[in-house]
Amino acid sequence: MKRFTSLIIIALIYFSGLTVYYFKFIYKADLWKKTESSTPAEFISRVAVSRETYLTDSTRLLRDLYDGISSSELSFFGNFNNETKLIIDSILYSPDQNKLVILLLARNPTHQLEKYPKKYKWYYSANCYIGKRANGLFVLKHSGPFVESNFDEWEISDNFKMACLMKNENQLTGSHNMNDNRFWNEHIWNY
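These notes cover the structure that comes with them. (Residues numbered from 1 in each chain as written. Predicted model: local features only at pLDDT ≥ 70, side-chain atom pairs only at ≥ 80, totals over all residues. Heavy atoms only, no water.)

1. Points about the packing of aromatic side chains
Stage number 1. Counting across every chain of the model gives 6 aromatic pairs.
Stage number 2. Pairing tyrosine 66 with phenylalanine 80 gives two aromatic rings, centres 6.3 Å apart and planes at 50°, and the pair type is tilted. Of this pair, tyrosine 66 sits in helix H2 (residues 51–70) while phenylalanine 80 is found in the loop between H2 and strand E1 (85–93), placing the two residues 14 residues apart along the sequence.
Stage number 3. Note on phenylalanine 80: relative accessible area 23%, which makes it partly exposed.
Stage number 4. Ring plane angle 15° and centroid distance 4.6 Å describe the contact between tyrosine 120 and phenylalanine 151, whose orientation is recorded as stacked. Pair noted here: tyrosine 120 is in the loop between strand E2 (99–109) and strand E3 (122–134) and phenylalanine 151 is in the loop between strand E5 (147–150) and helix H3 (153–165), with a separation of 31 residues, a long-range link.
Stage number 5. With a relative accessible area of 28%, phenylalanine 151 lands in the partly exposed category.
Stage number 6. One aromatic cluster in this structure is built from Tyr66, Phe76 and Phe80. (Phe/Tyr/Trp six-rings, centres within 6.5 Å; stacked < 30°, edge-to-face > 60°. Helix = DSSP H or I, 4+ residues; strand = E, 2+ residues; numbered from the N terminus. Buried < 20%, exposed > 50% of the residue type's maximum accessible area, 1.4 Å probe, protein only.)

2. A look at the pattern of salt bridges
Stage number 1. In the structure shown here, the tally under the stated rule is 4 salt bridges.
Stage number 2. Its salt-bridge partner being aspartate 57, residue arginine 133 comes within 2.9 Å of it at the nearest N-O pair. With arginine 133 in strand E3 and aspartate 57 in helix H2, the pair connects residues that are 76 residues apart, well separated along the chain.
Stage number 3. Accessibility expressed as a relative area gives 28% for arginine 133, which makes it partly exposed.
Stage number 4. Judged by its relative accessible area of 5%, aspartate 57 is buried.
Stage number 5. In this structure, the salt-bridge partner of aspartate 180 is arginine 182, at a minimum N-O distance of 2.6 Å.
Stage number 6. Overall, arginine 182 belongs to the partly exposed group, its relative accessible area being 29%. (Salt bridge = Lys/Arg side-chain N within 4 Å of Asp/Glu carboxyl O.)

3. So, the side chain of serine 45
Stage number 1. Relative to the helices and strands, serine 45 resides in the loop between helix H1 (2–34) and H2.
Stage number 2. Judged by relative accessible area, serine 45 falls into the buried class, the value being 16%.
Stage number 3. A distance of 3.3 Å separates a polar atom in the side chain of serine 45 from a polar atom in the side chain of asparagine 181. (Polar contact = N/O pair within 3.5 Å; in protein donor to acceptor, adjacent residues only side chain to side chain.)

4. Regarding the pairing of E1
Put simply, side chains in a regular strand alternate between the two faces of the sheet.
Stage number 1. In terms of burial, E1 is a largely internal element, 8 of the 9 residues being buried.
Stage number 2. Both E1 and E2 contribute to a ladder of 8 bridges, which runs antiparallel. Residue lysine 85 lies in a different strand from E2, and its bridge partner there is arginine 107.
Stage number 3. Two successive antiparallel strands, E1 and E2, enclose a turn made up of 5 residues, where glutamine 97 displays a positive phi of approximately 65°. (Pairing = 2+ DSSP bridges.)

5. Considerations on H2
Stage number 1. Counted at 1.5 Å a residue, the expected span for H2 with its 20 residues is 28 Å, and the 28 Å between its end C-alpha atoms agrees.
Stage number 2. Buried residues belonging to H2 abut E1, E2, E3 and strand E4 (137–142).
Stage number 3. Looking one or two residues beyond H2, the residue adopting positive phi is serine 72, at roughly 65°. (Expected span 1.5 Å × (residues − 1). Contact = heavy atoms within 4.5 Å.)

6. Let's talk about a nonpolar patch on the surface
Stage number 1. A surface patch of nonpolar side chains, about 380 Å² in accessible area, is lined by Met1, Phe4 and Ile8.
Stage number 2. Tracing the backbone shows phenylalanine 4 in helix H1.
Stage number 3. According to the relative accessible area criterion, phenylalanine 4 is exposed, its value standing at 53%. (Patch = residues over 30% accessible without salt bridge, like charges linked within 9 Å, V, L, I, M, F, W, Y side chains within 5 Å. Areas by Shrake-Rupley, 256 points an atom, 1.4 Å probe, with all protein chains shown as cover.)

7. Quick notes on the environment of leucine 61
Stage number 1. Relative to the assigned elements, leucine 61 resides in helix H2.
Stage number 2. With a relative accessible area of 0%, leucine 61 lands in the buried category.
Stage number 3. The sequence separation of leucine 61 and leucine 140 amounts to 79 residues, and the corresponding C-alpha distance is 8.9 Å.
Stage number 4. Sequence-distant contacts of leucine 61, defined by excluding residues within four places in its chain, comprise Ile88, Ile91, Leu100, Ile102, Phe138 and Leu140.

These figures capture arrangement, not role.
And the structure:
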């Protein structure tokens, strides 16, 4: 009986791990494919990077973003303090992988808000950064768009992706959407 219980627990842990892996790496990547875009099909950028590159870059970028925002070298729309957790939602790469767009979520505890529904523990905001790879380092710059507070991480992530992929006159990123091959030659990269 103990052995059977142990096997059940191991199986549950295994399938829980697979579920987390699916939602963290596969489902999230598929959202970009499922998100409606105003970019013409012939210009959609489809750049695949290795898992190792993505993980290495995301770790480095998180550290650089924390440092830049904490020191006020990088702008940040929303609340940022010692309780803020930064989460990289997505990284979009140029074809040569030397330019990238970072979609960043910030998670803060709701107790920091004056009024909030008691059923929520966290609230989220979203910011966009662009970066260029230079000598193994990233040179980052705050770009746009940004999405204000929301209590649901998945909802703000989806809204943020829509803001990045749909034509928007107020978009700070140039005249092309972020999933457009022409975007990588925009004036915003001249910094």
